[in-house]
Amino acid sequence: AAGADVLIVDPPRKGLDAEVMALLCADADERVSSVRTLVYVSCGFEALRRELPLLADAGWSIDASEGHVLFPGSDHLETLVILKR
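Cut-offs applied
- Here the residue numbering is sequential within each chain, running from 1 through the sequence in written order.
- The predicted origin of the model limits local features to residues at a pLDDT of at least 70 and limits the giving and counting of side-chain atom pairs to 80 or more, whereas totals for whole chains, interfaces and linings rest on all residues.
- Computation of side-chain values covers all heavy atoms of the structure but excludes hydrogens and water.
- By definition, disulfides here are pairs of cysteine sulfur atoms that lie within 2.5 Å.
- Exposed residues in this analysis have more than 50% of their type's maximum accessible area, buried residues have under 20%, and partly exposed residues fall in between, with area computed by a 1.4 Å probe over protein chains only.
- All axes here are fitted lines through C-alpha atoms, helices being fitted over the stretch that makes contact, and every angle between N-to-C directions spans 0 to 180 degrees.
- Secondary structure elements follow DSSP: runs of H or I no shorter than four residues count as helices, runs of E no shorter than two count as strands, and numbering proceeds from the N terminus.
- To sort the angles, those under 35 degrees are grouped as roughly parallel, those over 145 as roughly antiparallel, those from 65 to 115 as roughly perpendicular, and the leftovers as oblique.
- Take the far helix as the reference: if the near one is turned anticlockwise from it by less than a right angle, the crossing is left-handed, and if turned clockwise, right-handed.
- Throughout, a contact is declared for two residues whenever any of their heavy atoms are within 4.5 Å.
- Ten residue types, Ala, Val, Leu, Ile, Met, Phe, Trp, Tyr, Cys and Pro, are classed as nonpolar, four, Asp, Glu, Lys and Arg, as charged, and the remainder, Gly among them, as polar.
- Here the rule is simple: two strands pair whenever DSSP picks up at least two bridges between them.
- The nonpolar core is taken to be a set of buried Ala, Val, Leu, Ile, Met, Phe, Trp, Tyr and Cys residues, with the residues joined through side-chain atoms within 4.5 Å.

### Let's talk about the state of the cysteines
Where two cysteines share a covalent bond between their sulfur atoms, that bond is called a disulfide.
Step number 1: Following the criterion strictly, the structure yields zero disulfides and no others.
Step number 2: You can see Cys43 has no disulfide; the closest cysteine sulfur is in Cys25, sitting 19 Å from it.
Step number 3: When its relative accessible area of 18% is taken as the criterion, Cys43 is described as buried.

Quick look at the structure:
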């Protein structure tokens, strides 16, 4: 992500790996310091609900969010969240 201003993450249901979360929360790390927009695609709402406060504490704020039913007939919801820093 070095030099990128947008980063897209699409973790499994368990959420982001601890290393990725630590990197996204460390704005001084040169690998992510230029990132201003984070696009988070979540298939695990519980993980997203757990991780959003950690990202907010690190300076990320929700710019937009929306849910999508990609599997009609199921109760599964994909969530798209755009965060800005």
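### As for the packing of helix H1 (residues 18-25) against helix H2 (residues 45-57)
Step number 1: Contact pair H1 / H2: the axes reach a minimum separation of 9 Å and the direction vectors enclose 30 degrees. Comparing the axis directions of H1 and H2 gives the class roughly parallel. As for the relative orientation of H1 and H2, their crossing is right-handed in sense. Taking contact as the criterion, the partners of Met21, Leu24 and Cys25 in H1 are, on H2, Glu51, Leu54 and Leu55.
Step number 2: In the contact of H1 with H2, the residues fall into five nonpolar, no polar and one charged.

### A short note on the pairing of strand S4 (residues 78-84)
As a general feature of sheets, a regular strand has side chains that alternate between the two faces.
Step number 1: Where strand S2 (residues 37-42) and S4 come together, six bridges link them in antiparallel fashion. Looking across to S4, one finds that Thr37 is bridged to Lys84.
Step number 2: By the bridge criterion, seven bridges tie strand S3 (residues 61-68) to S4 in an arrangement that is antiparallel. Along S4, the bridge assignment pairs His68 with Glu78.

### With respect to the nonpolar core
Step number 1: Formed by 15 residues in total, the largest nonpolar core has its most connected members in Leu38, Tyr40, Leu55, Trp60 and Leu83.
Step number 2: Where this core is concerned, the elements lending two or more residues are H1, S2, H2 and S4.
Step number 3: No other element matches H2, which puts three residues into this core.
Step number 4: Among residues more than four places away in sequence, those in contact with Tyr40 are Val9, Pro11, Gly15, Leu16, Leu48, Glu51, Leu55, Thr79, Leu80, Val81 and Leu83.

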